[in-house]
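Now for the letters of each chain:
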Number of protein chains: 2
Amino acid sequence: METREYMARRKAEVDVLLERYLPREEGFQKTIFEAMNYSVRAGGKRLRPILMWETYRLFGGSGREIEPFMAAIEMIHTSSLIHDDLPCMDNDELRRGKPTTWVKYGYDMAVLAGDALLIYAVETASKALSVETPDSARIARAIGLLAEKTGIYGMIGGQVVDVELTGQPIPGEKLDFIYRLKTGALLEASMMIGALLGGADEEQLNIVEQIAAEVGLAFQIQDDILDVTSTAGKLGKPVLSDEKNHKTTYVTLEGVEAARRAVEDHSARALEELSQLPGRNPELEALIRFLIAREN
Amino acid sequence: METREYMARRKAEVDVLLERYLPREEGFQKTIFEAMNYSVRAGGKRLRPILMWETYRLFGGSGREIEPFMAAIEMIHTSSLIHDDLPCMDNDELRRGKPTTWVKYGYDMAVLAGDALLIYAVETASKALSVETPDSARIARAIGLLAEKTGIYGMIGGQVVDVELTGQPIPGEKLDFIYRLKTGALLEASMMIGALLGGADEEQLNIVEQIAAEVGLAFQIQDDILDVTSTAGKLGKPVLSDEKNHKTTYVTLEGVEAARRAVEDHSARALEELSQLPGRNPELEALIRFLIAREN
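From a predicted model like this one, the values you see are computed outputs, not experimental measurements. (Residues numbered from 1 in each chain as written. Chains lettered and ligands numbered in written order. Predicted model: local features only at pLDDT ≥ 70, side-chain atom pairs only at ≥ 80, totals over all residues. Heavy atoms only, no water.)

Chemist: Explain the overall build of chain A to me, please; I cannot follow it from the model alone.
Modeler: Tallying secondary structure elements over chain A gives 15 helices and two strands in all. Overall, the C-alpha framework of chain A stretches about 55 × 50 × 35 Å when taken along its three principal axes. Within the span of chain A, comprising 296 residues, buried residues form 59% of the whole. Approximately 12100 Å² of chain A is accessible, and the part contributed by carbon and sulfur atoms is 48%. With 34 positive and 47 negative side-chain charges, chain A shows a spacing of 4 Å between the two charge centroids. (Helix = DSSP H or I, 4+ residues; strand = E, 2+ residues; numbered from the N terminus. Buried < 20%, exposed > 50% of the residue type's maximum accessible area, 1.4 Å probe, protein only. Areas by Shrake-Rupley, 256 points an atom, 1.4 Å probe, with all protein chains shown as cover. Lys, Arg positive; Asp, Glu negative; His and termini not counted. Charge placed at Lys NZ, Arg CZ, Asp CG, Glu CD.)

Chemist: Teacher, can you tell me more about the interface of chain A and chain B here?
Modeler: The accessible area lost on association of the parts is a frequent measure of interface size. Counting from both sides, the interface comprises 48 residues of chain A and, opposite them, 48 residues of chain B. Of the roughly 4400 Å² buried at the junction of chain A and chain B (both faces included), carbon and sulfur atoms supply 78%. The largest per-residue losses of area from chain A upon contact with chain B belong to Phe28, Ile119 and Ile152 of chain A, which jointly make up 17% of the total buried on that side. One can count zero salt bridges joining chain A with chain B. Counting only elements with at least two residues in the side of chain A that touches chain B, the list comes to helix H2 (30-41), helix H6 (107-125), helix H7 (136-150), helix H8 (155-164) and helix H9 (172-198) of chain A. Ranked by residues supplied to the side of chain A that touches chain B, first place goes to H6 of chain A with twelve residues. (Contact = heavy atoms within 4.5 Å. Buried area = accessible area lost by both parts, 1.4 Å probe. Salt bridge = Lys/Arg side-chain N within 4 Å of Asp/Glu carboxyl O.)

Chemist: Explain the environment of leucine 58 of chain B to me, please; I cannot follow it from the model alone.
Modeler: You can see leucine 58 of chain B is positioned in helix H3 (residues 47-58). A relative accessible area of 9% means that leucine 58 of chain B is categorised as buried.

Chemist: Whenever I open this one, the nonpolar core confuses me. Can you help?
Modeler: Note that soluble globular proteins tend to have their nonpolar side chains buried in a common cluster. Of all hydrophobic cores here, the largest spans 202 residues; its most connected members are Ile32 and Phe69 of chain A together with Ile32 and Phe69 of chain B. With near-sequence residues (within four places) excluded, isoleucine 32 of chain B lies in contact with Ile152 and Val160 of chain A together with Met109, Leu112, Ala113 and Ala116 of chain B. (Core = buried A, V, L, I, M, F, W, Y, C linked by side-chain atoms within 4.5 Å.)

Chemist: What is the right way to read the packing of H7 of chain A against helix H6 (residues 107-125) of chain B from this model?
Modeler: Running from amino to carboxyl end, H7 of chain A crosses H6 of chain B at an angle of 140°, the nearest separation of the two axes being 8 Å. The hand of the H7 of chain A/H6 of chain B crossing is left-handed. In this structure, H7 of chain A uses Ile143, Ala147, Glu148 and Thr150 of chain A to contact H6 of chain B, whose residues at the interface are Ile119, Val122 and Glu123 of chain B. When grouped by side-chain class, the residues that make up the contact of H7 of chain A with H6 of chain B number four nonpolar, one polar and two charged. (Axes fitted to C-alpha atoms, helices over the stretch in contact; angles between N-to-C directions. Left-handed = near helix turned anticlockwise from the far one by under 90°. Nonpolar A, V, L, I, M, F, W, Y, C, P; charged D, E, K, R; others polar.)

Chemist: Which parts of the structure should I look at to understand the relation of the copies chain A and chain B?
Modeler: Between the two copies of the chain lies a rotation about an axis combined with a shift along it. Under the fitted operation, chain A is carried onto chain B by 0.0 Å of movement along the axis and a turn of 180°, and the coordinates agree to an RMSD of 0.0 Å. In symmetry terms, the pair is related by a two-fold rotation axis. In terms of proximity to the rotation axis, the leading residue of chain A is alanine 140 of chain A, whose C-alpha is 2.4 Å off the axis. Most of the interface of chain A is mirrored in chain B, where 100% of its interface residues again form contacts. (Least-squares fit on C-alpha atoms with pLDDT ≥ 70 in both.)

Chemist: Any chance you could explain helix H14 (residues 256-275) of chain A here in plain terms?
Modeler: Residues separated by three or four positions in an α-helix point in the same direction, a consequence of the helix having 3.6 residues per turn. In a regular helix each residue adds 1.5 Å, so 20 residues correspond to 28 Å; H14 of chain A covers 29 Å between its end C-alpha atoms and thus fits that length. Those residues of H14 of chain A not exposed but buried are Ala258, Ala259, Ala262, Val263, His266, Ser267, Ala270, Leu271, Glu273 and Leu274 of chain A. (Expected span 1.5 Å × (residues − 1).)

Chemist: I tried to follow the packing of H8 of chain A against H9 of chain A on my own but got confused; where do I start?
Modeler: Two quantities define a packed helix pair, namely the angle between the axes and the distance from one axis to the other. Residue and element names in this part refer to chain A. The contact between H8 and H9 brings their axes to 7 Å, and the two run at 140°. The angle between H8 and H9 places the two elements in the oblique class. Relative to H9, H8 is oriented so that their crossing is left-handed. Within the contact between the two elements, H8 uses Met155, Gly157, Gly158, Gln159, Val161 and Asp162 and H9 uses Lys174, Phe177, Ile178, Leu181, Lys182, Ala185 and Leu186. A class-by-class count of the residues in the contact of H8 with H9 yields seven nonpolar, three polar and three charged. (Parallel < 35°, antiparallel > 145°, perpendicular 65-115°, else oblique.)

Chemist: Looking at this structure, I do not really get a positive patch on the surface. What am I missing?
Modeler: A surface patch of positive charge is lined by Lys45, Arg96, Lys98 and Lys237 of chain A. Relative to the assigned elements, lysine 45 of chain A resides in the loop between H2 and helix H3 (47-58). (Patch = residues over 30% accessible without salt bridge, like charges linked within 9 Å, V, L, I, M, F, W, Y side chains within 5 Å.)

Chemist: Which parts of the structure should I look at to understand the side chain of glutamine 220 of chain A?
Modeler: Residue and element names in this part refer to chain A. Tracing the backbone shows glutamine 220 in helix H10 (residues 202-229). Polar contacts involving the side chain of glutamine 220 include one to the side chain of threonine 183, which spans 2.7 Å. With residues up to four places along the chain from it excluded, the contact list for glutamine 220 reads Tyr179 and Thr183. (Polar contact = N/O pair within 3.5 Å; in protein donor to acceptor, adjacent residues only side chain to side chain.)

Chemist: What's the story with the pattern of salt bridges in this structure? I'm lost.
Modeler: It is possible for side chains bearing opposite charge to pair when their charged atoms get close. All chains considered together, the criterion is met by 50 salt bridges over all chains. A cluster of three or more residues bridged by salt bridges with shared partners is formed by Arg10, Glu13, Glu54, Arg57 and Glu283 of chain A.

Chemist: Hey, could you run me through the packing of aromatic side chains in this one?
Modeler: A ring pair, where both rings are aromatic, is described by two values, the distance of the centres and the angle of the planes. Taken as a whole and judged by the stated rule, the model has 13 aromatic pairs over all chains. Each ring, one from tryptophan 102 of chain A and one from tyrosine 107 of chain A, has its centre 6.4 Å from the other, and the planes form 45°; the classification is tilted. (Phe/Tyr/Trp six-rings, centres within 6.5 Å; stacked < 30°, edge-to-face > 60°.)

Chemist: Teacher, can you tell me more about the side chain of threonine 249 of chain B here?
Modeler: Residue and element names in this part refer to chain B. Locating threonine 249 in the fold gives a position in the loop between helix H12 (241-244) and helix H13 (250-254). Judged by its relative accessible area of 3%, threonine 249 falls in the buried class. Those residues within four positions of threonine 249 in sequence are excluded, and the remaining contacts are Leu175, Tyr179, Asp224 and Asp242.

Chemist: It is not clear to me how unusual backbone geometry should be interpreted in this structure. Could you clarify?
Modeler: Glycine aside, a negative phi is what most residues show, and trans is what most peptide bonds show. Residue and element names in this part refer to chain A. Residues other than glycine seldom take positive phi values, yet arginine 46 does so here, at roughly 60°. One can find arginine 46 in the loop between H2 and H3. Unlike most non-glycine residues, threonine 133 shows phi in positive territory, near 40°. Along the chain, threonine 133 falls in the loop between H6 and H7. With relative accessibility at 75%, the residue threonine 133 sits in the exposed group.

Below, the structure is given as structure tokens:
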């Protein structure tokens, strides 16, 4: 499949880019560098940097100030995974078939590695100021946006509600809140920062935020569907885990059929709104279609 | 004592300022707002924002863009205390006579509250962009500086080495590294951001960094001295805790007399370098003298 090849190529490019920003493993604090790099290198689709890049291109961006932000968004995503896996949170020992950070480096070092990646993401993003003739105002605003979408009104806010309701039935409105924040907010940051640095105006930025929110919901609900319809082989992780963990999902609340319709609705709205923006980026469209129709 | 009154007044002002930036305790993620606010309100000397403010004034700063940074540096300091107190780190149940965040809100919520304050500090700092005619370039650089001094080459880097060596004898060069990073880096950030936003040039910024580093060392060594020479009543916390915890400090390595001389040397250098900067701010000088000669 073409998009799959495209994703693999883009992922490889992001991996190279990430390496440029990861700390060198030397000095007294070597252990934290190793723990950070181990966690970032453990992989994943690199979806957020790719989305950022393609949105940047949609708005005609062609500079290098986007690159530290691409690295930064992946560091923040990784930071959240490290802390999610801790014994006091999900208590997961494996992620993508590898020992989680706390298993490999210890509980204390995993707390610090999560903290380290969170703030190192900001340090990395601020390197955008070192490009030739930087647009400081847009870069500063992009850093603010990154922090806002990561924080208590974004991803972390969603994690808090998710953690508080673990093992309890979750009413629909809170599930929607969790999805919008925990999953959606970083996708919003990715696309909005791409748009902002690419030169989008305020109105366009708002539209991009809406598109990313729709993509986030479709992406998360598709995740719920795959948990009940896929196989462990295809998915690369155990299936039926939500049921086993008594986790409320869109599927347990509304059923698979309603979930499929919701994914279609959200993705149709995302693509409809995308078509209202000036310019076209076929890769971005294909990426959005792929994310939503994906099988793992 | 005059400086003590001055400190109390400034602390009260910082407390009012902090309240303006703390989240309102409403919404689905209310618990995290409460945990953050509880931790920030638990108090402390507000030393870092005060140092930032006085350095800003030394360079003639008179705007409002410094205020969100004053709140931000205190949030970062609080974030580090929350994570330091966790069971997997120092396992402390009390801080300043109150239950620590994990005791009060649970282990998971304390991890998230520390994360939340860390990134909310950046979100808060970026509000400096909302002042009238902001200097975006300086604000963006100040945010980068804040992240850098907080991160793996700053405070967190120091924490990592400190955590790794817990319960082991620490050689002098590593102790120096820990002091410079774990204690010194945030003081450097405080003074450098004050200087930068106040209008300092590169050379002045370097001098300010040196001054803050000297203050940081003197401050930390004074801490070690007080642990063996003060009383719990004066200090507001148990004394002889370093010995009890088999902790290597400047005092256990070099003895109290050498420690006193080191404090004098570092503080003399700080004040000497301060006198080489243009302008004078007697409050800043008094503050530095007070910090170093303090009895709690």
